[in-house]
There are 4 protein chains.
Amino acid sequence: MNSYGNLFRISTFGESHGPAIGVIIDGCPAGLAIDEHFIQSELDRRKPGQSKITTQRKEDDTFKILSGVFEGKSTGTPIAIVIENQDQRSKDYSHIQNTFRPSHADYTYEAKYGNRDYRGGGRSSARETAARVAAGAIAKLLLKQFGVDISAFVSQVGEIKAGHYTQLDLTKTEDNIVRCPDPATAEKMIALIDEVRLSRDTIGGVVTCVIKNTPVGLGEPVFDKLHAELGKAMLSINAVKGFEYGSGFEGIKLRGSQHNDEFYNEGGKIRTKTNHSGGVQGGISNGENIYFNVAFKPVATIMQDQQSVDKDGNEATVSGKGRHDPCVVPRAVPIVEAMAALVLADFLLRAKANKV
Amino acid sequence: MNSYGNLFRISTFGESHGPAIGVIIDGCPAGLAIDEHFIQSELDRRKPGQSKITTQRKEDDTFKILSGVFEGKSTGTPIAIVIENQDQRSKDYSHIQNTFRPSHADYTYEAKYGNRDYRGGGRSSARETAARVAAGAIAKLLLKQFGVDISAFVSQVGEIKAGHYTQLDLTKTEDNIVRCPDPATAEKMIALIDEVRLSRDTIGGVVTCVIKNTPVGLGEPVFDKLHAELGKAMLSINAVKGFEYGSGFEGIKLRGSQHNDEFYNEGGKIRTKTNHSGGVQGGISNGENIYFNVAFKPVATIMQDQQSVDKDGNEATVSGKGRHDPCVVPRAVPIVEAMAALVLADFLLRAKANKV
Amino acid sequence: MNSYGNLFRISTFGESHGPAIGVIIDGCPAGLAIDEHFIQSELDRRKPGQSKITTQRKEDDTFKILSGVFEGKSTGTPIAIVIENQDQRSKDYSHIQNTFRPSHADYTYEAKYGNRDYRGGGRSSARETAARVAAGAIAKLLLKQFGVDISAFVSQVGEIKAGHYTQLDLTKTEDNIVRCPDPATAEKMIALIDEVRLSRDTIGGVVTCVIKNTPVGLGEPVFDKLHAELGKAMLSINAVKGFEYGSGFEGIKLRGSQHNDEFYNEGGKIRTKTNHSGGVQGGISNGENIYFNVAFKPVATIMQDQQSVDKDGNEATVSGKGRHDPCVVPRAVPIVEAMAALVLADFLLRAKANKV
Amino acid sequence: MNSYGNLFRISTFGESHGPAIGVIIDGCPAGLAIDEHFIQSELDRRKPGQSKITTQRKEDDTFKILSGVFEGKSTGTPIAIVIENQDQRSKDYSHIQNTFRPSHADYTYEAKYGNRDYRGGGRSSARETAARVAAGAIAKLLLKQFGVDISAFVSQVGEIKAGHYTQLDLTKTEDNIVRCPDPATAEKMIALIDEVRLSRDTIGGVVTCVIKNTPVGLGEPVFDKLHAELGKAMLSINAVKGFEYGSGFEGIKLRGSQHNDEFYNEGGKIRTKTNHSGGVQGGISNGENIYFNVAFKPVATIMQDQQSVDKDGNEATVSGKGRHDPCVVPRAVPIVEAMAALVLADFLLRAKANKV
């Protein structure tokens, strides 16, 4: 359904052109200081209109907490957050009331539900991810208490790739509008996105996420492996087509003798010499850095005419309208971080019941 | 925990060297004919010792149904299946009682639980997947009633790749021991695995899965997207490092205008001209073929000495022992199919409640 | 947590003196006409200040739908409903900031969470049930499509009892302020409540609920029996101390030969001659009327001084303040109906997956 | 479905005349010493044939642990327990293959599933509760680590009642075959059951359960209140018709000023002077004794002819056959305790995530 997580559990609601979107966070432990400025700063990283390479739609994405926080701290009861929708140009969407946009969810929602809020994609709009970012911000606040640090960045746009995360200074991610910590590569990415935008087209990319200082022992066998939940969480983000962690798809070419991560003792702490495992072994965190890649397809909305059909099966042309992103990855960075935080916060709480 | 699925839900149990492993299937609709020969044939595709390129361990993997089936049909009550463990050479594992095998789950289980059944990896052993295959066989029987067809095959071993599934005759998958439907490529794969085996090493690969005739409308927004659950299901299989569907990681290089799948009307049925979407749009099946790739790392157990540490943090050498697979993908094919079947069966039942 | 139901699932949030309370309904099938007047009329039955025997607190309990409804019908996506809090006299509660009211949740919340919104009981306030009533109204709209009819009424206040439901005309329940369909008994009940109110005290009562036209086959073995879920749902309402269905506690005195409900064929429909089973056999509805009793204790807030302790364990006196109900059952009637509707709507959807 | 609990979760399977019944316990923390003698002793308290007032059916109910325990301790992985069925006289049931026994689940299962294992009631048989008792024994072992003590006893048979639990010595419960700790009342109960048995009839009763030393803070607002889950757990036991805790149905007659439990400080521990709350306030344990009553109807199987209908709606006579209990409460005592233990174990684990 529209919930995610077991003990730290979120339920989101809202359509892109309804009165509001929002989220209930159930299971946030009591006593956590809720820093509203931090939540807003996370929403600001995701919000539209933040630079020339994102959609020019303007939404402030200011939020209101309706429950679960008292005198600045969580009370253990559900935290409800609402973000009102603004600047909705619903008229931009009347053309798709009866016609299915290619590679959007219009057709599948119509087939599944019969009754569909077509304005702006309704529930299938990436606007829903603002609710995730707000909830993820609270998960991050919880994780900070345990020293866990989550940093995502853009590692690829089209064919332009940044180097391996271990060669990058992740503190520089926010220094440029594409959110790639390698300045030279960032410039090329920005130029490519701009070129794609001018040609009224879109392009895909990769967000890489690195999680440091995860406690050993998070993740549950056998279905709820840490990386399996991370994978589901990432694949649930709009436009995601793939997920790999640690050595990923490249690792299949290695021999076991090259791929295995040998253990050693570093001053009393058990560590691995290499980290092809990506910080997860047998589905459970081993204390090394967790890292993974998330592939985003080119945005489906393009400013070009496309062939399609309408509800009655007649041929129809879909013309690009509205204000959209030429490339989704710069704004996806905080979403990836938010989903990662939600997964880890949940496993952190679940791990409390592992031993007598 | 150790359960998967919502309405068609399985719970597995068992360690590789305990008395038995098994599974409870809860939520299988009543009235389904349970073909025990089919279940056995699926288990046989996964079982060890089936060819020269798999482990030489011998296990019959015969199963017994303890409940939920009456006069050959499901009754709607839980179907419990038990597979007794045989040919356990627990002594093979005494050397890892106190030492952590590199890139196995030994260390993380020890850290998480304190109390660990070290014999053969215990619960973290891929032996657990036999229970999934048995349950998946029942899911397949249910799906057959709706015409759904699931076919997986080996599409890559090391650097050797087969072509795109649309160029292959998937009925030929079982014709060779590596389970690649392209005979020429299969030969090369077999040769490579044999070479790797002789060098006492292991290698990774990719299993591709194709699902035909899926009804339109399966999958749930927003977290339980069809491909997100498929991703989680696949990533929960031992040794999996990555998942991509449709255009996957390659798709990010395309422009939106190239990537979008235009709709057309084929004799009253709404279809797409291309299928970069991989049969899923907005997380919901659109009736086109669903296809995805699953990356498996090289098996961690190698017949070589490796450096590691023991429980007390002392340096230790792990020597390869036991009988293991040089490459896991040939035996992973039925596991991938089983997990895909479990995901689809669950969504099929969930979709029954979509509309008034 | 703060969610209830499996396929028709609600999640409530909100404290009595925060900005708002509300509910997300996830899993409501698409295409259901959402009658907002009906929702409001249900809320009005529960709202405070409706008669001289209820609290004189004034709250309009007007609601706003934020999502999930488009052009008057459900879309299959989450329906979020918010009810703003009004007329909050938070100052009435400063006296209990540090002192535990007897038989309230003050002490247990403090012990469990440490951080507690003490104003008006916060999350433990019965104000939360307004969210349930709003959600229950939507469940009722769904059930109406299947002909299911749910009617609750006050059957006991203190020692004053109405007759068995089969002797009453349940269409008369709303004819008086105590919601007892037997006018003579209703008068006595009202007089008793008024007397209790004047003595600055409170009193308990029983709400009986009757469900007609339930389809045969709702309820799931073995833990989610229909009456077990009804029991949990009722016991989750504030101040409830007991639940019995069918013959209930009295039935234990009967012999099996008296208690068993013999079957007969009524014009092709299988029915029972008696209905000690209360419409449920083996946890599954049999098509006969479902009926059950719910016991409510006397309201804990009384307008008298009581001995207690404060957070530091010092003796303290709690003086009755605020505006409270002398007897909760008249306003509990719509709450009982709402919870019953939520249980039935959920089982109705779950039953769709019972057979191939 | 057939699972119960959230973090300490059981899934049961099996029909009364299939090869076996059993249970998977998922979420038992690692490191718990599993005392198999204790598990057997609990099963022995429930097993048939233990005295003249129970069924004379003979089943040893010996169990086998298939997984999750290593060297005498839980490993944190699923504990699977199987109990083989013995002494099945399936022929005793051929008469009900097509005819519905009054007040049994025959008709409702047939209507719900179409395909029904009619032998001995199949899944609806109380035999399923043996699996609960085995799992409950493990929950008890966990609870003992926290000092929690659970004692149930028979407090009523027909109209014969024992006194309030506070007047009884609960260590004497096992001293007689009816399991009533008041010897004089026990004798009367035994005489009544024997009389009922000789008249080929059955009778109902009440089991009272007392839980001492529960930690403060167990139970979750708002739906998963401690007493609501206890209620559901009890109502899920075969033949249960009612549940009340603390003052229960009698409490409704009291005034709030009589019913409220005033707090006091007992040597630094916050306690209540009275305990009408039954150890639970606002759905959360307050450290006082938890106590509740569970009403069981007269067993539906009687050794007399009864009118009924068959599958085709024709009139039919059901004659009592087989070996059955004249009164279920003596054997229900360990079942009530087991379900209570499962609820508390689950809440104990859930409470670990309440605070930062």
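Per chain, residues are indexed from 1 in the order of the written sequence. Just so you know, chain letters begin at A and ligand numbers begin at 1, following the order they were written in. In keeping with the model being predicted, local features are shown solely for residues with a pLDDT of at least 70 and side-chain atom pairs are shown and tallied solely at 80 or more, while totals for entire chains, interfaces and linings include all residues. Processing note: side-chain calculations cover all non-hydrogen atoms of the structure and skip hydrogens and water entirely.

### With respect to the overall build of chain A
Which entries qualify depends on this criterion: Numbering goes from the N terminus for both helices and strands, where a helix is a DSSP run of H or I of at least four residues and a strand is a run of E of at least two. Restricting the calculation to C-alpha atoms gives the radius of gyration, and the globule rule supplies 2.2 Å times the number of residues raised to the power 0.38. Every residue pair with non-hydrogen atoms within 4.5 Å of one another is taken to be in contact. Areas reported as accessible are Shrake-Rupley estimates using a 1.4 Å probe. Residue values count occlusion only from the protein chains shown. Just so you know, the count uses Lys and Arg for positive and Asp and Glu for negative, and it drops His and the chain ends. The atom standing in for a charge is NZ when the residue is Lys, CZ when it is Arg, CG when it is Asp and CD when it is Glu.
Counting its secondary structure elements, chain A contains 7 helices and 18 strands. Taking 356 residues into account, the globule formula puts the C-alpha radius of gyration at 21 Å, and chain A, at 21 Å, falls close to it. Dimensions of chain A, computed from C-alpha atoms along their principal axes, come out at roughly 65 × 50 × 35 Å. Contacts spanning at least 24 positions in sequence make up 70% of the contacts within chain A whose residues lie at least 6 apart. As displayed, chain A offers around 10900 Å² of accessible surface, 45% of which is attributable to carbon and sulfur atoms. Of the side chains in chain A, 43 bear a positive and 43 a negative charge, and the two mean positions are spaced by 1 Å.

### Section: the relation of the copies chain A and chain B
Heads up, the rule is: For the least-squares superposition of copies, only C-alpha atoms count, and only for residues with pLDDT at least 70 in both.
Expressed as a screw transformation, the operator carrying chain A onto chain B has a rotation angle of 180 degrees and an axial translation of 0.0 Å, and the superposed copies differ by an RMSD of 0.0 Å. With respect to symmetry, the two chain copies, as superposed, fit the operation of a two-fold axis. Both copies share a contact surface, since 100% of the interface residues of chain A are interface residues in chain B too.

### Considerations on the interface of chain A and chain B
Convention followed: Note on terms: buried area is the combined drop in 1.4 Å-probe accessible area of two parts once they are placed together, counting the loss on both. By salt bridge we mean one thing: a side-chain nitrogen of Lys or Arg within 4 Å of a carboxyl oxygen of Asp or Glu. N or O atoms closer than or at 3.5 Å make up a polar contact, with two conditions inside protein: a donor-capable atom paired with an acceptor-capable one, and, for residues adjacent in sequence, both atoms drawn from side chains. Think of it as three bins: nonpolar holds Ala, Val, Leu, Ile, Met, Phe, Trp, Tyr, Cys and Pro, charged holds Asp, Glu, Lys and Arg, and polar takes everything else, Gly as well. Only strands joined by at least two bridges in the DSSP assignment are considered to pair.
On the chain B side, the residues contacting the 105 residues of chain A number 105 residues. Taking both sides of the interface into account, the surface hidden between chain A and chain B amounts to around 8300 Å²; carbon and sulfur atoms contribute 58%. The largest per-residue losses of area from chain A upon contact with chain B belong to A:Lys112, A:Phe223 and A:Lys241, which jointly make up 11% of the total buried on that side. One can count 8 salt bridges joining chain A with chain B. Residues B:Lys112 and A:Glu220 are paired through a salt bridge, measuring 3.2 Å at the closest nitrogen-oxygen approach. At the junction of chain A with chain B, the criterion picks out 48 residue pairs in polar contact (both at pLDDT 80 or more). Of the residues in the side of chain A that touches chain B, the class split is 40 nonpolar, 41 polar and 24 charged. Where strand 11 (residues 240-245) of chain A meets strand 11 (residues 240-245) of chain B, 3 bridges bridge the pair, whose relative direction is antiparallel. Across the sheet, residue A:Glu244 finds its bridge partner in strand 11 of chain B, namely B:Gly242.

### Some words on the interface of chain D and chain A
In this assembly, 13 residues from chain D lie in contact with 13 residues from chain A. Buried surface at the junction of chain D and chain A, summed over both partners, amounts to about 1100 Å²; 70% is from carbon and sulfur atoms. It is D:Lys352, D:Ala353 and D:Val356 that lose the most area in chain D upon contact with chain A, and together they represent 47% of the buried surface on that side. Inspection of the region where chain D meets chain A yields 0 salt bridges. Counting across the interface, chain D meets chain A through 4 residue pairs in polar contact (both at pLDDT 80 or more).

### Here's the deal with unusual backbone geometry
The residue after B:Pro221, namely B:Val222, is reached through a cis peptide bond having omega -5 degrees. Backbone geometry at B:Glu71 places phi at a positive 50 degrees, although glycine is not the residue there. Take B:Glu71: it is sitting in the loop between strand 5 (69-70) and strand 6 (73-74). Residue D:Arg179 is not a glycine yet carries a positive backbone phi of 65 degrees. On the secondary structure map, D:Arg179 appears in the loop between strand 9 (160-161) and helix 4 (183-198).

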